[in-house]
Amino acid sequence: METGEGAGGSGEPDGPGLRFGCASFNQDSTSLALGTKNGYKLFSLTTVEKLDCIHESAETPHIYIVERLFSSSLVVVVSTAMPQRMNIYHFKKGTEICNYSYPNNILAVKLNRQRLVVCLQESIYVHNIKDMKLLKTLLNTPSNPSGLCALSINHSNSYLAYPGSATIGEIIVYDANSLSTVTMIPAHDSPLAALTFNASATKLASASERGTVIRVFSVPEGLRLFEFRRGMKRYVNISSLSFSPDGQFLCASSNTETVHIFKLEQLGPSGEDEAATWTSYVGKMFSAASSYLPAQVSGMMTQDRAFATVHLLSSGQRNVCTLAVIQKLPRLLVATADGQLFIYNVDPLDGGECMLAHKHRLFGVDDDQDEGTETEGSEVTGPAQSCPSYAETAALPASGPVTATLTGYSEDGGAKKGEVIPEHELAAGPVCLDDENEFPPINWCRDGTGGGRS
């Protein structure tokens, strides 16, 4: 599941109040990855009461991008120490599968079972994840300083969405399998701030920098399906958008204390699916009246509001949210920039204010000594979980990697201006993601035939 922007994942070192550099949920929200000044951590999200740290690495400090491929052993990390280099690890074996360098700082990395996409400020690189071959370089894309992009997790179509303009909210939908542009969606009047696909890649949600309206479009047609109003009183910075696994709900978090959940209800032409309530009656009256009102006013009246909400303890900090099914019940998960994970119960029938089921601190005693005093409201609800060390979870390779430097290129001329794209190191032997059901079975060859050219 795509989660939009990660908490603190801007490529900048940790600022005051930030407990980590980034946080990201994996594609199906079964794990949480945390980038810190000391390395990165991976947590399993299979139960509400217990948060298991399944891996911790201190090999690379100041991680600001960390992405895990589903429940596999493949993890991608980028550090502020080397922001132009992407490292790909098999964390259970303790091996580096490869590393790639790019001409500018890496702002985002997205992956599914077919493609790995690297987003720079003015270019995007599309790799085949099975061998990391560079398939396409999208050059001279509109300036995208936040690295905003979304990749569908449904690998059968692998849609990529990214800003089509730096000044207005245009969305380019690109097919990363066929390597061709699908459509351009004029989504908002102001620049984009968040994007996400639903699990089946049939819908795309977006928000602009104003943060007041969230829109949902059909894919690949680009038709507007839903429009949700997050609020009218103030502009906010929406940091995260995420669909529920069934695509029926959409959550949005921002720098305010409120997380919104919207319900995607498609009513019949006569409204027969709508309950006979006073609210629905008033809604029909507004809908009928809207045909007589100016477009701007009528549009505002027909927009839906949040189906359910969560009020966090504090505001003004970045966070990332997702909707998941844990222990057979729908949950809302919010990882906040002060180092906490909140898990809420969601009522899929009546909505309303979500009840807090549990909260977890993402840092143990050792981290607190490094980070300073604990912030208000972040007390531990259970014993701090100690993570297995890198040495405990990984056996180091017997021999060092073989280095190969390849000139990358694509149909769009990825090697223009004498760029060497990318430099990478190939693992010393075949590296698979083991575990019977893990995907993909990445194999790397000593002679460098594993990738780098299109």
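Here the structure is a predicted model, which means the values were calculated and not measured.

Taking strand neighbours across the sheet as the criterion, the four strands line up as β13-β14-β15-β16 in an open arrangement whose pairing is antiparallel. Here the strands that pair on one side only, and so sit at the sheet edges, are β13 (150–151) and β16 (180–188). In this structure, β13 lies alongside strand β14 (residues 159–163), joined through two bridges in antiparallel fashion. Opposite Leu151, over in β14, you have Leu160 as the bridge partner.

For the structure on display, the rule yields six aromatic pairs. Judged by centre distance (6.5 Å) and plane angle (25°), the rings of Tyr159 and Phe197 are stacked. With Tyr159 in strand β14 and Phe197 in strand β17 (residues 192–197), the pair connects residues that are 38 residues apart, well separated along the chain. As far as burial versus exposure is concerned, Tyr159 and Phe197 are alike and both buried. Taken together, a centroid distance of 4.8 Å and an interplanar angle of 20° make the contact between Phe228 and Phe262 stacked.

Here the focus is the nonpolar core. As a rule of thumb, nonpolar side chains are buried together in soluble globular proteins. Counting residues in hydrophobic clusters, the biggest one holds 24 residues, and the most contacted among them are Met86, Ile88, Ile106, Val109, Leu116 and Val118. If we skip the residues at most four places from it in the chain, Leu116 touches Val76, Met86, Ile88, Val109, Lys110, Leu111, Tyr125, Val126, His127, Ile129 and Met132. Membership of the second largest hydrophobic core comes to 18 residues, among which are Ala324, Ala335, Leu341 and Phe363.

Our next topic: unusual backbone geometry. Between Val219 and Pro220 the backbone carries a cis peptide bond, its omega angle lying at 10°. In this structure, Pro220 sits in the loop between β19 (213–218) and β20 (224–229). Despite not being glycine, Ser29 shows a phi value in the positive range, around 55°. Residue placement: Ser29 occurs in the loop between β1 (22–25) and β2 (31–35). Take Ser29: its relative accessible area is 2%, and that puts it in the buried class.

A separate point is the state of the cysteines. Considering all chains together, one arrives at zero disulfides under this definition. There is no disulfide at Cys321, and the cysteine sulfur nearest it, in Cys251, is 3.3 Å away. Residue classification places Cys321 among the buried positions, given a relative accessible area of 0%.

Our focus in this paragraph is the environment of Thr322. If you trace the backbone, Thr322 turns up in strand β25 (residues 319–326). The class for Thr322 is buried, based on a relative accessible area of 0%. Taking the C-alpha atoms as reference points, Thr322 and Pro245, 77 residues apart in sequence, are found 9.7 Å from one another. A polar contact of 2.7 Å, which involves the side chain of Thr322, links it to the side chain of Ser29. Here the side chain of Thr322 touches Ser242 through a polar contact of 3.3 Å, side chain to side chain.

Quick notes on the rules
Residues numbered from 1 in each chain as written. Predicted model: local features only at pLDDT ≥ 70, side-chain atom pairs only at ≥ 80, totals over all residues. Heavy atoms only, no water. Pairing = 2+ DSSP bridges. Helix = DSSP H or I, 4+ residues; strand = E, 2+ residues; numbered from the N terminus. Phe/Tyr/Trp six-rings, centres within 6.5 Å; stacked < 30°, edge-to-face > 60°. Buried < 20%, exposed > 50% of the residue type's maximum accessible area, 1.4 Å probe, protein only. Core = buried A, V, L, I, M, F, W, Y, C linked by side-chain atoms within 4.5 Å. Contact = heavy atoms within 4.5 Å. Disulfide = S-S within 2.5 Å. Polar contact = N/O pair within 3.5 Å; in protein donor to acceptor, adjacent residues only side chain to side chain.

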